[in-house]
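# Remarks on the overall topology
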Amino acid sequence: MAQQEDVFKKLVAHCKEYGFVFPSSEIYDGLGAVYDYGQNGVELKNNIKRYWWDSMVLLHENVVGIDAAIFMHPTTWKASGHVDAFNDPLIDNKDSKKRYRADVLIEDLLAKYDDKIEKEVEKAAKRFGESFDAALYRQTNPRVQEHQAKRDEIHARFVKALNDSDLAELKQIIVDYEVVCPISGTKNWTDVRQFNLMFSTEMGSTADGAMKIYLRPETAQGIFVNYLNVQKTGRMKIPFGIAQIGKAFRNEIVARQFIFRMREFEQMEMQFFVRPGTEMEWFKKWKETRLKWHKALGLGDHKYRFHDHDKLAHYANAATDIEFEMPFGFKEVEGIHSRTDFDLSSHEKYSGKSIKYFDPELNESYTPYVIETSIGVDRTFLSIMAASYTEEQLENGESRVVLKLPAVLAPIKLAVMPLVKKDGLPEKAREIMNSLKFDFKCQYDEKDSIGKRYRRQDAIGTPFCVTVDHDSLTDNTVTIRYRDTMQQERVPVEKLHEIIGQKVSMKELFKKIVE
Ligand code: ATP
């Protein structure tokens, strides 16, 4: 674990040093849980967004996009339930004065028991060698059984407390299982209280009678309130989806873990409207489609898992998360929810306007049911960075840090480098770059030794480096060097487009999703 934390620290430092992510307003010592994306970060982020957007609106003829405003009429948030129920249970440690989410403390406690069980199993596997039967061991070993029973007991109490919104019981669990504050090491806790996560501001001048409005805590509501506009103007037939990418804001209690939990972040959400009664079928289908989207990136299939929700929101009849193995454990990157007709019905009630769909096949009107896929851009960014960050020991005794980003998402696709800054090599390099820059984001670099230039490109994940030397002037060939293998190959300049194009094509990813 300590080693993992170490890797995470290095990753955060790397993100800053190489222009991926900076703390917000850093010259004033930053702003808690708010971050800015730098010159390389923004390219990676835009590529992630493009990958998601096109996978929705290009691959599905019945999915269209919108871009709604961040400010919405305040009644929206009354109807959605956010004003009354968008709360987290918080608890303070009286000694360290640190604030925590009570549910997160208990989830961490459960994870500790899971860890203990896994360690027992791993130890036994080493002891018994090949004949080891892990499943049998889990069922019969007294120590594993003891941990499992404890875990089940805590889990059952936790789920019940959440479902009953029983704040006193949440605290009691923390007390009973002697959860300590990681900072002070004490068990001196306050009571658990609810805290609303929405930011608010005022619109209009006070003389006009200013209106309290909220910064949206999710993009979904912009889709719901535009459902009829899109359905009518786009002549959409159910089933169909509306996709959107945009900023969301939450006054998170615990602002840790870098861009994993931010107060201003970006979501990519898609609401898919279906006939009531068919929602489970669509829920299953979108779960599969979304997992394929993640896996197509090639970061390792074993790094993803589904996690079904212990507590369903009052409007949901099924919900699961796609979790990714971050340096700090498996964590939610995307939520997939079956939201029934809760949102549309509620907006119908609060607005007094009919939001129904006339289904010509059934010859009846109904309020559509909704399957939602909701993924955070920043968490996806973090998962990709974490899986790509690699420290390598080389045969010649040197080491290198290389970001093995999926080539298609890399901020810079190729670097073009003249071997020396004279003899017409820079001109030749520029000529090559000019012929490729319309299709690929290129970077020109002539400073320092070739070795140093390679390292710089490795550190930002550039999949190809093209070196121009004296021979290039006569035979029109260059050396292409591949990031991951560091292998070099002599190729004619006119082949570059094809070689690079093949590796950075989104089409290849899309084929994996639709197959
Ligand atoms: P968590 O339980 O981690 O707070 P959530 O269940 O509240 O997350 P959702 O409301 O389902 O999250 O939001 C959908 C997605 O938006 C999440 O899967 C995540 O990727 C992203 N997201 C939510 N909150 C944040 C945040 N504070 N910072 C960054 N991304 C976020």
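Above: the structure in question.
Residues numbered from 1 in each chain as written. Predicted model: local features only at pLDDT ≥ 70, side-chain atom pairs only at ≥ 80, totals over all residues. Heavy atoms only, no water.

### Remarks on a negative patch on the surface
Going by this rule: Residues form patches when they are more than 30% accessible in relative terms and have no salt bridge. Like charges link within 9 Å. Nonpolar side chains (Val, Leu, Ile, Met, Phe, Trp, Tyr) link within 5 Å. Accessible surface is estimated by sampling points in the Shrake-Rupley manner with a 1.4 Å probe; for residues, cover comes only from the protein chains shown. Only one rule defines a salt bridge in this text: a Lys or Arg side-chain nitrogen within 4 Å of an Asp or Glu carboxyl oxygen. Two residue types count as positive, namely Lys and Arg, and two as negative, namely Asp and Glu; His and chain ends fall outside the count. Charged side chains are reduced to one point each, which is NZ for Lys, CZ for Arg, CG for Asp and CD for Glu. Helix and strand labels come from DSSP, where a helix needs a run of H or I of at least four residues and a strand needs a run of E of at least two; each type is numbered from the N terminus.
Together, E107, D108, D308 and D310 give the surface a local cluster of negative charge. Mapped onto the elements of the fold, D308 is located in strand β11 (residues 304-308).

### Notes on the nonpolar core
Note the following rule: What we call a nonpolar core is a set of buried Ala, Val, Leu, Ile, Met, Phe, Trp, Tyr and Cys residues that are connected through their side-chain atoms within 4.5 Å. Classification of residues uses two cut-offs on accessible area relative to the type maximum, computed with a 1.4 Å probe and protein chains only: under 20% is buried, over 50% is exposed, and between them is partly exposed. The split into domains, and so the bounds of each, comes from an automatic or database assignment of domains.
By size, the foremost hydrophobic cluster in this structure holds 61 residues, and its most contacted members are F20, Y51, W52, F381, L382, M385 and L409. Per element, the largest residue contribution to this core is 6 residues, and it comes from helix α13 (residues 377-388). Two domains each donate at least three residues to this core, and these are domain 1 (2-86 + 197-385) and domain 3 (394-514). Judged by nonpolar contacts, the second largest core, of 23 residues, contains A407, F464, V478 and I480.

### Section: the pattern of salt bridges
Per the stated rule, a full pass over the model turns up 41 salt bridges. Across the pair K49 and E266 runs a salt bridge whose closest N-O atoms are separated by 2.8 Å. Placement of the pair is K49 in helix α2 (residues 39-57) and E266 in strand β10 (residues 264-274), with a sequence separation of 217 residues. E266 shares its class with K49; the two are buried. It is possible to trace a salt-bridge network through shared partners that takes in E392, E398, R400, K404, R455, D458 and R481.

### Observations regarding the site of the ligand
Rules: Near is defined per residue: the residue qualifies when any heavy atom it owns lies within 4 Å of the molecule or strand. Pairing of N or O atoms within 3.5 Å defines a polar contact, subject to two protein rules: one partner must be a possible hydrogen donor and the other a possible acceptor, and residues neighboring in sequence count only if both atoms are side-chain atoms. When residue character is reported, Ala, Val, Leu, Ile, Met, Phe, Trp, Tyr, Cys and Pro are called nonpolar, Asp, Glu, Lys and Arg charged, and the others, Gly included, polar.
Around the ligand, the structure places 16 residues, and the nearest of them are E252, R261, M262, E332 and V333. In this structure, a nitrogen atom belonging to the ligand sits 2.8 Å away from a side-chain N or O atom of E252. Interatomic distance of 2.7 Å between a side-chain N/O atom of E332 and an oxygen atom of the ligand. With the chains in place, 85% of the 600 Å² that the ligand exposes on its own is no longer accessible. Broken down by secondary-structure element, the contributors of at least two residues to the shell around the ligand are β10, β13 (329-338) and β16 (369-376). Residue classes in the shell around the ligand are distributed as 4 nonpolar, 5 polar and 7 charged.

### Some points on the environment of S96
Under the convention used in this document: Only heavy atoms enter the contact rule, under which two residues are in contact if any of them lie within 4.5 Å.
Its place among the elements puts S96 in the loop between β4 (87-92) and β5 (99-101). For the pair S96 and V408, spaced 312 residues apart in the sequence, the C-alpha separation amounts to 45 Å. Setting aside chain neighbours within four positions, we find S96 in contact with C181, I183 and S184.

### Describing the packing of aromatic side chains
The cut-off we apply is this: Only rings of Phe, Tyr and Trp enter the pairing, Trp through its six-membered ring, and a pair is recorded when the two centres are within 6.5 Å. The plane angle decides the type: under 30 degrees is stacked, over 60 is edge-to-face, the rest tilted. Here, over-ring charges are defined by two tests on the NZ atom of lysine or the CZ atom of arginine: distance to the ring centre within 6 Å, and angle to the ring normal within 35 degrees.
This structure, assessed with the given rule, holds 21 aromatic pairs. Residues F240 and F273 carry aromatic rings whose centres are separated by 5.4 Å and whose planes lie at 35 degrees to one another, so their mutual orientation is tilted. On the criterion of sequence distance, the pair formed by F240 in strand β9 (residues 240-249) and F273 in strand β10 is long-range, its members being 33 residues apart. Across this residue pair, the class does not change: F240 and F273 are buried. With a centroid separation of 5.5 Å and an interplanar angle of 80 degrees, the aromatic rings of F260 and F328 are classed as edge-to-face. With F260 in the loop between β9 and β10 and F328 in the loop between β12 (318-326) and β13, the pair connects residues that are 68 residues apart, well separated along the chain. Owing to a relative accessible area of 5%, F260 belongs among the buried residues under this scheme. A relative accessible area of 14% means that F328 is categorised as buried. Members of the aromatic cluster, each reached through a chain of ring pairs, are F8, Y35, F258, F260 and F328. It is K116 that lies over the ring of Y113; its NZ or CZ is 4.8 Å from the centre. Looking at R481, its charged tip hangs above the ring of Y454, at a distance of 4.4 Å from the centre.

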